[in-house]
Amino acid sequence: MSGRRGNGGFTLVELLVAILILTGGLLAMAGGSMITTRDLQRSRMATFASGLTTAKMDELLSYANATSPACLSTNFASSTSAVVSNNVSLTWNVPASGTLRTVRVFAAYKLSKGVAKTDTLTGRVAC
């Protein structure tokens, strides 16, 4: 009497376990990609805001140095209202007097889920 051998295939239980493991891995990858997408969006907004604040600070410094003596340009002044570009609100504060003025440029924007963020760039101008 010879023993009967199987066909060498997988059992139904083995297939179900493999499908569960594969499903768990796919769900973990999907969750990770959502987090990555959110972080990329936040980084994009922060980089854009940083570029705007740097450009505005450079502009203010050029206005300060455009006159002799320095800091007499009418453009070297605080903002009267916010300037909005691609959902980033930009304002700046320039002291009206002093020989060493601390200039601040503020960028306010919203991240995902309505979380507000404000970045500040500070520079000193010798007048």
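You'll find the structure just up there.
This text gives an overview of the structure that appears in the document. As the structure is a computational prediction, the values presented were derived from the model and not from experiment.

1. Remarks on the pattern of salt bridges
- In the structure shown here, the tally under the stated rule is three salt bridges.
- Lys56 is the partner of Glu59 in a salt bridge, and the nearest nitrogen-oxygen pair spans 3.1 Å. Taken as a pair, Glu59 and Lys56 lie in helix H1 (residues 12-64) at a separation of three residues, close to a single helical turn.
- We classify Glu59 as partly exposed; its relative accessible area is 29%.
- In this structure, Asp119 and Lys117 form a salt bridge, with 3.4 Å as the shortest nitrogen-oxygen distance.
- Its relative accessible area of 22% is what places Asp119 among the partly exposed residues.

2. A closer look at the packing of aromatic side chains
- A full pass over the atoms with the stated rule returns zero aromatic pairs.
- Geometry around Trp92 places Lys56 over its ring, the cationic atom sitting 4.0 Å from the centre.

3. A word on the pairing of strand S3 (residues 100-110)
- Pairing of strand S2 (residues 88-93) with S3, which is carried by five bridges, proceeds in the antiparallel orientation. Bridge pairing in S3 places Trp92 opposite Val105.
- Between S2 and the antiparallel strand that follows it, S3, lie six residues; Gly98 among them carries a positive phi value of about 120 degrees.
- Sheet topology places S3 next to strand S4 (residues 116-126); eleven bridges connect them, and they run antiparallel. Within S4, the position partnered with Arg104 by the bridge is Thr122.
- Counted between consecutive antiparallel strands, the loop separating S3 from S4 contains five residues, among which Lys113 sits at a positive phi close to 65 degrees.

Rules behind the numbers
- Residues numbered from 1 in each chain as written.
- Predicted model: local features only at pLDDT ≥ 70, side-chain atom pairs only at ≥ 80, totals over all residues.
- Heavy atoms only, no water.
- Salt bridge = Lys/Arg side-chain N within 4 Å of Asp/Glu carboxyl O.
- Helix = DSSP H or I, 4+ residues; strand = E, 2+ residues; numbered from the N terminus.
- Buried < 20%, exposed > 50% of the residue type's maximum accessible area, 1.4 Å probe, protein only.
- Phe/Tyr/Trp six-rings, centres within 6.5 Å; stacked < 30°, edge-to-face > 60°.
- Lys NZ or Arg CZ within 6 Å of the ring centre and 35° of its normal.
- Pairing = 2+ DSSP bridges.

Don't take any of this as a statement about function, it's just geometry.
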